[in-house]
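# Close look at the chain arrangement
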Amino acid sequence: MSRALWLLILSLFSLTFTLSASSSSWGSRSILRAVNTDNADVHDYAVELNATNFDEVLRDTPASFAVVEFFAHWCPACRNYKPHYEKVARLFNGPDAVHPGIILMTRVDCASKINTKLCDNFSVGHYPMLFWGPPSKFVSAGSEPTQTKSDIHVINDGRTADRLLSWINKQTGSSFALDDQKFENEHLLSNVSDPGQIARAVYDVEEATSTAFEIILGHKMIKSNTRASLVKFLQLLVAHHPSRRCRKGSAEVLVNFDDLCPLDMWSADRQEDQDVQAALGNFQICGRDVPRGYWMFCRGSKNDTRGFSCGLWVLLHSLSVRIEDGESNFAFTTMCDFVHNFFICEECRRHFYDMCSSVSTPFNKSRDFALWLWSAHNKVNERLIKEEASLGTADPKFPKMIWPLRQFCPSCYLSRNQKNDGIEWDQDEVFKFLKEYYGKTLVSLYKDKGINGNDGTNRALEDLVPSTNAIVVPLGAALAVAVASCAFGALACYWRSQQKSRKYFHHLRSLKNI
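Just so it is clear, the model here is predicted, and its values are computed rather than measured. (Residues numbered from 1 in each chain as written. Predicted model: local features only at pLDDT ≥ 70, side-chain atom pairs only at ≥ 80, totals over all residues. Heavy atoms only, no water.)

## With respect to the state of the cysteines
Note the threshold: Cysteine sulfur atoms that come within 2.5 Å of each other are treated as a disulfide pair. Only DSSP runs of H or I with at least four residues qualify as helices, and only runs of E with at least two residues qualify as strands; both kinds are numbered from the N terminus onward. A 1.4 Å probe rolled over the protein chains alone gives each residue an accessible area, and that area as a share of the maximum for its type sets the label: buried under 20%, exposed over 50%, partly exposed in between.
Within the structure shown, the criterion is met by five disulfides. Here cysteine 246 pairs with cysteine 286 through a disulfide, and the sulfurs are 1.9 Å apart. The sign of the S-S torsion, about 110 degrees, decides the handedness of the disulfide formed by cysteine 246 and cysteine 286: right-handed. Linking cysteine 246 in helix 9 (residues 244–260) with cysteine 286 in the loop between helix 10 (274–281) and helix 11 (308–320), this pair joins segments that are 40 residues apart in sequence. Residue cysteine 246 shares its accessibility class with cysteine 286, and that shared class is buried.

Spelled out as structure tokens, the structure:
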């Protein structure tokens, strides 16, 4: 073998070894990087906003205060400050917040071109820069910053997590600590007998609606025999949900329902509903993800009490007092179908089905249906009072009780039967109470904050939807949705184009077929 050939072989071997070592070294760094990423706490508690959702999120949050951090992603000081900011945000934001519903912690990246005007509106002069104030004042500050200058304050002493939290404690008169842990819900509304607190339940009704929709999709519960039930319930939400954004979101789901979930999707030659569930999951039935994960009116003193079940009851009651006489039986069958098909607590579902099945004549008046639902809820509470007492599972601060309490509605009580300890009710007064409590009072906070009817389009929807009784039959339901969707611009045109080919018109099923 010639010397030149040996040199060539040695050169190739050296090159191969070098590449192999380099690859090994790169691979080791890659593995270490992956390990570090896995071990890191990558969850951001602060809500990142931009110019497209800034006003909406801050206007719709139930929090009493907001902190907005203006930063630039290229700024080293901002990157170093982020862990401090996140330590504080952990206490207030997200489903695992220790002190939820008090302060909304947000961030805006001024280095993003979409936020240039937004950052200019707040005269951001350095990074990071923190502002504090009522959430609604940030919304108006975008257009008239001089009028809200006294309501929004620059946080000048928040360069570490400890100092920021200390500053917040001074503003709120609180004693929050960075090591606070979520173990029980100690920050409850102090006066549980105040009827005005139901106003805050509109947020719980939104969360219960979103949670119910997530459960339906997560458990893949839309089947050939449950499809019509969901359509009927969506129709009811479009017409009568107390939250405008839930009415809008329900209409968007309903408008697209036939395309996403056609009647023939369960035929043998089609894959079952994996893609459908994913597509429906892209819809946010109550609007964009305003930070939630906590309950306002429905928050228990323990983390495993109240919450979703309470929010769902409030939703059903709020629907029952908004319908008109001609809609009462449709609403009754729709709710019974919905609970039977989509509420995953088996015992609760069975008990509710039994109460539905005991109704022998159709409801002709909305009053009769609202009172039936109220009576059914009290029957559930009577059963749970006994069970929770024997098992010790009751919420100590919110035990089940017969509703409404005498202090809420003295005129609802006629007398107490001493023989069987029953209550004799004045049902006319009870109905008046239900209409006021779950109707007007429930949405009063929205009205105070200017969320309902804050523009001509939404005001038109407010005028149209409550007056319609078109959902008595499925065709009427579709027309009601069409009228409502006029308020949403492009949805209306699309809806009208689909009317002649809608496939989900169906006969109302009797309770025998629930």
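That was the structure; now back to the text.
## Considerations on the confidence of the model for the protein chain
Heads up, the condition is: Confidence scores labelled pLDDT are given residue by residue by the predictor and lie between 0 and 100. We call two residues in contact whenever any of their non-hydrogen atoms come within 4.5 Å of each other.
Per-residue pLDDT for the protein chain has a mean of 75; in total, 67% of the residues score no lower than 70. Scored below 50 in pLDDT, residues 12–41 shows one contact in the model against residues more than four places distant or in partner chains. A low-confidence stretch, residues 187–193 (pLDDT under 50), is modelled with 17 contacts involving residues beyond four sequence positions or located in other chains.

## Focus: the packing of aromatic side chains
Short version of the rule: A pair of Phe, Tyr and Trp rings is counted when the ring centres sit within 6.5 Å of each other, with Trp represented by its six-membered ring. The angle between the planes then sorts it: under 30 degrees is stacked, over 60 is edge-to-face, the rest tilted. Put simply, a charge is over a ring when the Lys NZ or the Arg CZ is close to the ring centre, within 6 Å, and near the line of the ring normal, within 35 degrees.
Counted according to the given criterion, the structure contains 29 aromatic pairs. Sitting over the ring of tyrosine 81, arginine 159 keeps its end group 5.6 Å from the ring centre. The lysine or arginine in question, arginine 306, covers the ring of phenylalanine 297, its NZ or CZ lying 5.8 Å from the ring centre.

## Observations concerning the nonpolar core
The criterion, for reference: Joining through side-chain atoms within 4.5 Å is the link that ties buried Ala, Val, Leu, Ile, Met, Phe, Trp, Tyr and Cys residues into a set, and such a set is a nonpolar core.
Grouped together as the largest cluster of nonpolar side chains are 75 residues, with contacts concentrated most on Phe257, Val314, Phe352 and Trp372. Counting only elements with at least two residues in this core, the list comes to helix 7 (201–218), helix 8 (227–240), helix 9, helix 11, helix 12 (328–342), helix 13 (346–357), helix 14 (366–391) and helix 15 (427–440). For phenylalanine 257, the residues in contact, after removing those within four places along its chain, are Ile222, Arg227, Leu230, Val231, Leu234, Pro262 and Leu280. Counting 21 residues, the second largest nonpolar core, distinct from the first, contains Ala63, Cys110, Val124 and Met129.

## Here we look at empty space enclosed by the protein
Filter applied, for reference: Each cavity reported here is a set of points on a 1 Å grid over the protein atoms alone in which a 1.4 Å probe fits but cannot get out, each pocket an open set with protein on both sides within 12 Å along at least five of seven lines, and each lining residue one with an atom within 4 Å of a point. Grid points are joined across faces, edges and corners, and a volume is the space filled by probe spheres set on the points. Residues are grouped as follows: Ala, Val, Leu, Ile, Met, Phe, Trp, Tyr, Cys and Pro are nonpolar; Asp, Glu, Lys and Arg are charged; every other residue, Gly included, is polar.
Enumeration over the complete set of coordinates arrives at two cavities of 30 Å³ or more. Empty space within the largest cavity amounts to approximately 60 Å³. Of all the secondary structure elements, the ones that give two or more residues to the lining of the largest cavity are helix 7 and helix 8. The class makeup of the residues in the lining of the largest cavity is nine nonpolar, one polar and no charged.

## Regarding the environment of valine 108
The residue valine 108 is located in strand 3 (residues 103–109) in this model. Along the chain, valine 108 and asparagine 50 lie 58 residues apart, while their C-alpha atoms are 5.9 Å from each other. Not counting chain neighbours up to four residues away, the residues in contact with valine 108 comprise Leu49, Phe54, Val68, Glu69, Phe70, Phe71, Asn115, Leu118 and Cys119.

## Remarks on the sheet that holds strand 2 (residues 65–71)
Worth spelling out the cut-off: The pairing criterion for strands is at least two bridges between them, as found by DSSP. Note on geometry: axes are C-alpha line fits, over the in-contact stretch for helices, and angles between N-to-C directions span 0 to 180 degrees.
Spatial ordering of the open sheet is given by 1-3-2-4-5, a layout of five strands whose pairing is mixed. Because the sheet does not close on itself, it has two edges, and the strands there are strand 1 (47–49) and strand 5 (153–154). As paired strands, strand 2 and strand 4 (residues 129–133) are joined by five bridges and run antiparallel to one another. Looking across to strand 4, one finds that valine 67 is bridged to tryptophan 132. Packed onto the sheet, helix 3 (residues 76–92) meets strand 2, strand 3 and strand 4 and runs at close to 155 degrees relative to strand 3. Packed on one face of the sheet, helix 6 (residues 161–172) meets strand 2, strand 3, strand 4 and strand 5 and runs near 20 degrees to strand 4.

## With respect to helix 11
Selection criterion: Each residue after the first adds 1.5 Å to the expected span of a helix.
With 13 residues, helix 11 extends 18 Å from end C-alpha to end C-alpha; this agrees with the ideal 18 Å at 1.5 Å per step. Here helix 11 has its buried residues at Cys310, Gly311, Leu312, Trp313, Val314, Leu315, Leu316, His317, Ser318, Leu319 and Ser320. Against the buried residues of helix 11 lie helix 7, helix 8, helix 12, helix 13, helix 14 and helix 15.

## Here we look at the pairing of strand 2
Inclusion rule: The definition of a right-handed crossover adopted here requires that, viewed with the strands pointing away, the path from the first strand over the helix to the second runs clockwise.
Of all the seven residues making up strand 2, six are buried; the element is thus mostly covered by neighbouring parts of the structure. In this sheet, strand 3 lies alongside strand 2 in parallel orientation, the contact comprising seven bridges. When the sheet's bridge partners are listed, phenylalanine 65 is paired in strand 3 with isoleucine 103. In this view, the connection linking strand 2 to its parallel neighbour strand 3 by way of helix 3 has right-handed handedness.

## As for the packing of helix 7 against helix 11
Our working definition: When an angle is under 35 degrees it counts as roughly parallel; over 145 it counts as roughly antiparallel; between 65 and 115 it counts as roughly perpendicular; any other value is oblique.
Relative to each other, helix 7 and helix 11 sit at 105 degrees, their axes nearing to 8 Å. Put simply, helix 7 runs roughly perpendicular to helix 11. Judged by residue contacts, Ala201, Asp204, Val205, Ala208, Thr209, Thr211, Ala212 and Ile215 of helix 7 engage Phe308, Gly311, Leu312, Val314 and Leu315 from helix 11. Across the contact of helix 7 with helix 11, the residue classes tally to nine nonpolar, three polar and one charged.

## Here's the deal with the packing of helix 8 against helix 12
Under the convention used in this document: If you view the pair so one helix is near and one far, a crossing is left-handed when the near helix is turned anticlockwise from the far one by less than a right angle, and right-handed when it is turned clockwise.
In contact at an axis separation of 9 Å, helix 8 and helix 12 are set at 130 degrees when each is read in the N-to-C sense. The angle between helix 8 and helix 12 places the two elements in the oblique class. Helix 12 is crossed by helix 8, and the crossing has left-handed handedness. Counting all contacts with helix 8, which are made through Ser229, Leu230, Lys232, Phe233, Gln235 and Leu236, the residues of helix 12 involved are Phe330, Ala331, Thr333, Thr334, Met335, Asp337, Phe338, Asn341 and Phe342. Each residue belonging to the contact of helix 8 with helix 12 can be placed in one class, and the counts come to eight nonpolar, five polar and two charged.

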